[in-house]
Amino acid sequence: MIRAQDIVTQLTSHQLTPNKSEGTAYAPVNIALIKYWGKRNSELNLPITDSLSVGLRTLGTQTRISICAGQDQITLNGLLLATDHPFSQRTSRYLDLFRSSPAMRFVIDTKNDVPTGAGLASSASGYAALVLALNDLFGWQLDKSQLSVLARIGSGSASRSLWDGLVHWQAGTQSDGMDSYAVPLNQTLPDLRIGLLTLSAKAKPISSRAGMKQTVEGLSLYPAWKPMVDAHLAQIIPAIEQGNIQEIGQIAEHNALAMHATMMSAFPALCYWLPETLATLHTIWAAREQGLPCWATLDAGPNVKLIFDQAAQADVERLFPDVQIVRPFGINLP
Ligand code: PMV
């Protein structure tokens, strides 16, 4: 079986001596319109299906990295974390892939614009920024598809956070995963708006890694997931080409609800929703009945993201005064 360490060695050619004092990088959060849920290889994070996302451009992770001795020092949003903090442990385990010797330790300073581990895609921007910062520190000069492979090993959805805009992660078929990386799409959707409704900023009780395992391995509706993703991709790509935001929203909402249905049908059942999540969905559906063109998508957490055209922005803001609106393809309004 191919190990993550083999892939890292192959891509970095043992170039694990810093060529500058500090590496820095920024990567955007991405929100999947067609979700990744389920792995064919859990060490390499190789997915069972393709997925497709939109980057949030102005929301993401900024990371600085340098080397030290002793132990890894990981600062998240200005707080130096204990070495047994789950975030430090996961980050250090990933960094183990990049040490020239066991004594080589890293100083990481990372800041997320969104809550960490709450289903708001902070691990996607986090691992993409970390890989870009490592590339800067070690001077690998890897191309984005190679960096996408390395980011994917940290967190699957991070493979899509190397680019702004629309990004398609191709599942690939090779057992080493060298064909499982993301590719940016040329299309832009200047009128697309994404609204973030942060209903809970608490870290989710079950990681996406554990949630995927529970869904795939349990007796669930999961076997229906791959054909559904294939059908949704075949529909959404032409909708993107036509700039049809309403159709994109419809397909994305259907896809997200189908993903959550596979989780709820697992045994034991898995449900990331809170009562506020369902209440928010009903508010959206009722407003849609009244003519508001707005759709929802949800990841592995209770928070809801809205998909709509700029023409609906004033009505969306009236309905959800706390919504944080992002223009994925334009300059954010003050
Ligand atoms: O990258 P992970 O392991 O955090 O998984 C992300 C899974 C979803 O956010 C639910 C879907 C997706 O495609 O981003």
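Because the structure is a prediction, the values reported are computed rather than measured.

(A) Geometry of the domain arrangement of the protein. Split by domain assignment, the protein resolves into domain 1 (4-184) and domain 2 (192-326). Centre-to-centre separation of domain 1 and domain 2, based on C-alpha positions: 24 Å. Of the residues lining the interface, 27 residues belong to domain 1; the matching set on domain 2 comes to 45 residues. Taking both partners together, domain 1 and domain 2 bury about 2,900 Å²; carbon and sulfur atoms supply 73% of that area. For the interface between domain 1 and domain 2, the tally reads eight residue pairs in polar contact (both at pLDDT 80 or more). Among the secondary structure elements, those contributing two or more residues to the side of domain 1 that touches domain 2 are strand E1 (23-34), strand E4 (51-68) and strand E8 (166-169). Per-element accounting of the side of domain 1 that touches domain 2 gives the leading share, five residues, to E4. Of the residues in the side of domain 1 that touches domain 2, the class split is 15 nonpolar, nine polar and three charged.

(B) View of the site of the ligand. Near the ligand lie 14 residues; those nearest to it are Tyr-36, Ser-155, Ser-157, Arg-160 and Ser-208. Between the ligand and Ser-157 there is a distance of 2.6 Å, counted from an oxygen atom to a side-chain nitrogen or oxygen. A total of 380 Å² of accessible area belongs to the ligand in isolation, and the protein chains cover 91% of it. Classifying every residue of the shell around the ligand by side-chain character gives six nonpolar, five polar and three charged. Residue assignment places the shell around the ligand across two domains, with domain 1 (4-184) and domain 2 (192-326) each supplying three or more.

Reading the values: the criteria
- Residues numbered from 1 in each chain as written.
- Predicted model: local features only at pLDDT ≥ 70, side-chain atom pairs only at ≥ 80, totals over all residues.
- Heavy atoms only, no water.
- Domains from an automatic or database assignment.
- Contact = heavy atoms within 4.5 Å.
- Buried area = accessible area lost by both parts, 1.4 Å probe.
- Polar contact = N/O pair within 3.5 Å; in protein donor to acceptor, adjacent residues only side chain to side chain.
- Helix = DSSP H or I, 4+ residues; strand = E, 2+ residues; numbered from the N terminus.
- Nonpolar A, V, L, I, M, F, W, Y, C, P; charged D, E, K, R; others polar.
- Near = heavy atom within 4 Å.
- Areas by Shrake-Rupley, 256 points an atom, 1.4 Å probe, with all protein chains shown as cover.

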